Amino acid sequence: MKMASIQSMLGSRTQLRRDILGYMFIAPWLVGFIVFTAGPMIGLVYLAFTRYPVLSPPTFNGLDNLERMVGDRFFTISLWNTAYFTFLGVPAQVVWALMLALLLNMRVHGVNVFRTLYYLPTIIPGVASVFLWMYIFNPDYGLANYILSLFGIPGQAWLWDPELSKPSLIIMELWRVGTMMVVFLAGLQGVPSSLYDAAAIDGAGMFAQFRHVTVPMITPLIFFNLVVGIISSFQIFTAAYIATQGGPVHTTLFYVLFVYRHAFENLRMGYASLLAWVLFFIILVFTIVQFRMARLWVFYEVE
Amino acid sequence: MGVLRSGMRPISFPFVSNAIRYALLILGGVICFIPLGWMVSTSLKMPGTEFIFPPELIPRPVVWSNYIDAVTRPGHPFFLYTRNSVVITLAATLGTVLTSSFVAFGFARIRFRGRDFWFIVLLSTLMLPDVVRLIPSFILFKLLGWIDTLLPLIVPFWFGVNAFYVFLIRQYFRTIPLELDEAALMDGAAYVRIYWQVILPISGPVLGAVTIFSVLSHWNDFLGPLIYTNSVDLRTLALGLRFFMSRTGTDWNQLMAASILMLAPILALFFSMQRYFIRGIHMTGFGGR
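Residues numbered from 1 in each chain as written. Chains lettered and ligands numbered in written order. Predicted model: local features only at pLDDT ≥ 70, side-chain atom pairs only at ≥ 80, totals over all residues. Heavy atoms only, no water.

(A) Inspection of empty space enclosed by the protein at higher detail. All names here are of chain B. A full pass over the atoms with the stated rule returns five cavities of 30 Å³ or more. Size it by volume and the largest cavity reaches roughly 70 Å³. As for the largest cavity, its lining consists of Ala 70, Arg 73, His 76, Phe 78, Tyr 81, Leu 237, Gly 240, Leu 241, Phe 243 and Phe 244. Put simply, the parts of the chain that give the lining of the largest cavity at least two residues each are helix 3 (78-109) and helix 10 (237-240). By volume, the second largest cavity is sized at about 60 Å³. The wall of the second largest cavity is formed by Ser 85, Ile 88, Thr 89, Leu 153, His 218, Trp 219, Asp 221, Pro 225 and Thr 236. Elements with a contribution of two residues or more to the lining of the second largest cavity: helix 3 and helix 8 (204-220). (1 Å grid on protein atoms, 1.4 Å probe; cavity = no way out; pocket = protein on both sides within 12 Å on 5 of 7 lines; lining within 4 Å. Points joined across faces, edges and corners; volume = space filled by probe spheres on them. Helix = DSSP H or I, 4+ residues; strand = E, 2+ residues; numbered from the N terminus.)

See below:
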């Protein structure tokens, strides 16, 4: 036998061995992927075209669910509520997180204590935070109205006022921007001080430095925080489920709550499956749009 | 102290400037702290005084009984809820850390055919919001007879369903030099040994970050237990808090006390592992929710 063929035989046996080993290592994920992700998602495609009241098996009903969705007033309301909450709330979160990060980026003694303090609200369990804010926003004896009264402003009904219910939830979320803040802080610390030196030599003051040095250097992080923020904001559930139950007058009927009610309270799994697909596509579209838009205004440092 | 960022022009009134800095920092701190302080204050008030307006900011007298009442509330076994939360959090986190690192080892260090394909599949599952999985998963667990057990909240995490952690650990493993495991004729057992005895022990930072994120997300999870369990015996703390509210009124003192008890272990974890925590966010940009 020639040397080369022996080597290639050995080589292919080694490769086969590697293949077996490789699949052995990824097997847990692969099995999980097929059983807990791929299988169910294929099932979800089918279920979207069925009537499935859970207690009896699904029956194919063609495009009935789609027809129903198009005429469903609450579908539109829940989309609007979610969009309102997201497009007002997430930019506010990004701005507030950046402001906190700028404060924490100041070089003063004891700044680490403030870092911990600013981050603390973020690790509070979501449920506990919702209850806390329900109490703060209480129209009769809440802390929020007390603070307003100090400034001579009449008390509000907050979560229980159709006009204020969504803004109240936005305020609640603003309290927990710690993750965004830490991401910004890392970015701010990575801005080379030589850039500030150069700007200062050119006569740039604090605000000019912020505008022309800081902002361009951290735009990738602004963009990242926006994308992650929008995706998670679209999935708001717990606050609306516990505090307002979608009210008052459906002003906090957010999309996931709407899907939840159809799936697990009205037992319309077929319809809910279609609604879940719609959510998936909305999130996908926003992710893609954001990545495309990012090219216009995100500044990536040239390596 | 003159520890100004080198780029800033020297400021002629360093004392004033530092005073303003501290004033701003404290202002931000007060805004972050008020709700937290309110939570603690309410938990220490005499029952009944929480409905007074204008509210008492500092409880007089300070009473600790709310904590005892919260954990001994009739019909709501607080310690059972705690045990359920602990079981789910530990079991799911152990599964997440072991499975994610095992799978990540395969993707990072073995050149098998189809590796890139499967890795792209894994990455694409990251785009799938959890909420979208909920309905089909519920149906699957119903078929398996797992509804109203703790299994749906544990078992999937032994099968790497959180692809993000696999991705994260794989990125870390790839930074470790390959020399050790490139010997051509090693058998499977040798690879497992390398994974267990060589790679894992030097992967503390990434495993620490994954552990913290996982603990946080399972401890705080509300939607999962809400959907997959019904009976009182299986309730987690996150679910149990809800029952301090009722049609007849809410025991705010007890609710806040129970919330603080639920928060305490997370807080302890946060303070003892703050370094991993912050580094984890730097690695991922996520806070584990």
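After that view, the rundown keeps rolling.
(B) A look at the packing of helix 3 (residues 73-104) of chain A against helix 4 (residues 111-123) of chain A. Residue and element names in this part refer to chain A. For the pair helix 3 and helix 4, the least separation of the axes is 10 Å and the interaxial angle reads 160°. Taken together, the axes of helix 3 and helix 4 are roughly antiparallel relative to one another. Residues Leu 100, Leu 103 and Leu 104 of helix 3 form the contact with helix 4, whose participating residues are Val 111, Phe 114, Arg 115 and Tyr 118. Tallied by class, the residues present in the contact of helix 3 with helix 4 amount to six nonpolar, no polar and one charged. (Axes fitted to C-alpha atoms, helices over the stretch in contact; angles between N-to-C directions. Parallel < 35°, antiparallel > 145°, perpendicular 65-115°, else oblique. Contact = heavy atoms within 4.5 Å. Nonpolar A, V, L, I, M, F, W, Y, C, P; charged D, E, K, R; others polar.)

(C) Examining the domain arrangement of chain B more closely. Residues and elements named next belong to chain B. Taken domain by domain, chain B holds domain 1 (14-65) and domain 2 (78-284). The straight-line distance from the C-alpha centre of domain 1 to that of domain 2 is 34 Å. Contacts between the two partners involve 10 residues from domain 1, matched on the other side by seven residues from domain 2. Summing both partners gives a buried area of about 660 Å² for domain 1 against domain 2, and 71% of it is carried by carbon and sulfur. At the surface where domain 1 touches domain 2, the tally comes to zero salt bridges. (Domains from an automatic or database assignment. Buried area = accessible area lost by both parts, 1.4 Å probe. Salt bridge = Lys/Arg side-chain N within 4 Å of Asp/Glu carboxyl O.)

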